[in-house]
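The residues making up each chain are set out below.
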Amino acid sequence: MPREIRAQLIGYGHDMAQRHDHAKELLATYEKDKGKIDWSKIKLQCATTIKFSCENAQVVQQLLKKINVNIGLEPMLFSQLRANEVSGNYWLSILGAAIDFDDSIDTFGQWFVTKGGRWYQRHSVPEIDTLYEQQKFIADPEERKKVIWEMDKLAMNDAAYLILHWFDLHHVRWNFVKGWTITPDIRSTNARMDYVWLDLPELPHTR
């Protein structure tokens, strides 16, 4: 998303003092409607076995302290974190997931579709779902970007489910790795490398 569009999102922009004031206003409005919140009782769970999970949680924790919201962190194994997310047994959670970009329809569906969908998304935003269906049929990449940016803006400003960052993971494979077939989905059985074998070259020190 271009910087000038991103600057329009809640929580973004160049003026940090203005951002902090806005955050405090939003919080005050919410507590006026819903009642005072005891933030000390709310924990942000993160996975100790995923490097960026607890690192991101610490960043979020420090940002919230700037508006006098003091939450605690709840580090745990990834298996427990995911079980909590599936069951809904959490207040806040840092979720990490790997999705291939080979099929952007699947990627955007995983992150943006809100109606009746996934275990981590229990909040519906009909406008986002409408735009998701719309962008699937736009062939012009530049025009499609505009719709995606609008989806992202709605999701970020709604604040129920935030994408903190995108990151790329790459791998390098030697030509003596045999039997591994690239698939569009890294969550397939090929990710376990059940049929992979190594045709190792003869090395000088083995002669």
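Residues numbered from 1 in each chain as written. Predicted model: local features only at pLDDT ≥ 70, side-chain atom pairs only at ≥ 80, totals over all residues. Heavy atoms only, no water.

## A short note on the overall build of the chain
Alright, step 1. For the chain, the helix and strand inventory stands at seven helices and five strands.
Alright, step 2. Listing each helix as α and each strand as β along the chain from the N terminus yields α-α-β-α-β-α-β-α-α-α-β-β.
Alright, step 3. Per-residue burial over the chain gives 26% buried out of 207 residues.
Alright, step 4. In the chain, the proportion of contacts linking residues at least 24 apart, taken out of those at least 6 apart, comes to 55%. (Helix = DSSP H or I, 4+ residues; strand = E, 2+ residues; numbered from the N terminus. Buried < 20%, exposed > 50% of the residue type's maximum accessible area, 1.4 Å probe, protein only. Contact = heavy atoms within 4.5 Å.)

## What to know about the sheet that holds strand β3 (residues 92-93)
Alright, step 1. With respect to topology, three strands assemble into an open sheet ordered β2-β1-β3, the strand pairing being parallel. The two strands at the open ends of the sheet, each matched to only one other strand, are β2 (72-76) and β3.
Alright, step 2. Bridging between strand β1 (residues 43-47) and β3 involves two bridges; their strand directions are parallel. Looking at the pairing, leucine 44 lines up with leucine 92 of β3.
Alright, step 3. Here helix α3 (residues 51-65) sits on the sheet in contact with β1 and β2, set at roughly 155° to β1.
Alright, step 4. Contacts between helix α4 (residues 78-87) and the sheet are confined to β1, β2 and β3, with β1 contributing the most and set at about 130° to the helix. (Pairing = 2+ DSSP bridges. Axes fitted to C-alpha atoms, helices over the stretch in contact; angles between N-to-C directions.)

## Details of the pattern of salt bridges
Alright, step 1. Going through the model one piece at a time under the given rule, you end up with seven salt bridges.
Alright, step 2. We note a salt bridge from arginine 82 to glutamate 85, for which the minimum N-O separation is 3.2 Å. Within this pair, arginine 82 and its partner glutamate 85 are both found in helix α4, separated by three residues, close to a single helical turn.
Alright, step 3. Classification of arginine 82 as partly exposed rests on a relative accessible area of 21%.
Alright, step 4. Here glutamate 142 makes a salt bridge to lysine 145, at a shortest N to O gap of 3.4 Å. Of the two residues, glutamate 142 and lysine 145 are both situated in helix α7 (residues 141-158); the distance of three residues between them amounts to about one turn of the helix.
Alright, step 5. In this structure lysine 145 comes out as partly exposed when scored by relative accessible area, which is 39%. (Salt bridge = Lys/Arg side-chain N within 4 Å of Asp/Glu carboxyl O.)

## Regarding the pairing of β1
Alright, step 1. Of all the five residues making up β1, four are buried; the element is thus mostly covered by neighbouring parts of the structure.
Alright, step 2. As paired strands, β1 and β2 are joined by five bridges and run parallel to one another. Bridge pairing links glutamine 45 to glutamate 74 in β2.
Alright, step 3. After leaving β1, the chain enters α3 and then returns to the sheet as β2, a path that is right-handed. (Right-handed = clockwise from strand over helix to strand, strands pointing away.)

## Observations regarding the packing of helix α6 (residues 126-135) against α7
Alright, step 1. Packing of α6 against α7 brings their axes to within 9 Å, and their N-to-C directions diverge by 165°. Classified by the angle between their axes, α6 and α7 sit roughly antiparallel to one another. With respect to the hand of their crossing, α6 and α7 are arranged in left-handed fashion. Contacts between α6 and α7 involve Glu127, Ile128, Leu131, Tyr132, Gln134 and Gln135 on the former and, on the latter, Arg144, Val147, Ile148, Glu150, Met151, Leu154 and Ala155.
Alright, step 2. Looking at the contact of α6 with α7, its residues break down into eight nonpolar, two polar and three charged. (Parallel < 35°, antiparallel > 145°, perpendicular 65-115°, else oblique. Left-handed = near helix turned anticlockwise from the far one by under 90°. Nonpolar A, V, L, I, M, F, W, Y, C, P; charged D, E, K, R; others polar.)

## A few points about the side chain of aspartate 129
Alright, step 1. Examined against the element boundaries, aspartate 129 turns out to sit in helix α6.
Alright, step 2. If near-sequence neighbours (up to four positions away) are discounted, aspartate 129 is found in contact with Phe112, Val113, Thr114, Lys115 and Ser124.

## Some words on the packing of helix α5 (residues 104-112) against α6
Alright, step 1. Contact pair α5 / α6: the axes reach a minimum separation of 11 Å and the direction vectors enclose 180°. As summarised for this structure, α5 and α6 are arranged roughly antiparallel, according to the angle between their axes. Between α5 and α6, the contacting residues are Ile105, Phe108, Gly109 and Phe112 on the first element and Ile128, Asp129, Tyr132 and Gln135 on the second.
Alright, step 2. Taken together, the residues of the contact of α5 with α6 break down into five nonpolar, two polar and one charged.

So yeah, pure geometry; function would need other evidence.
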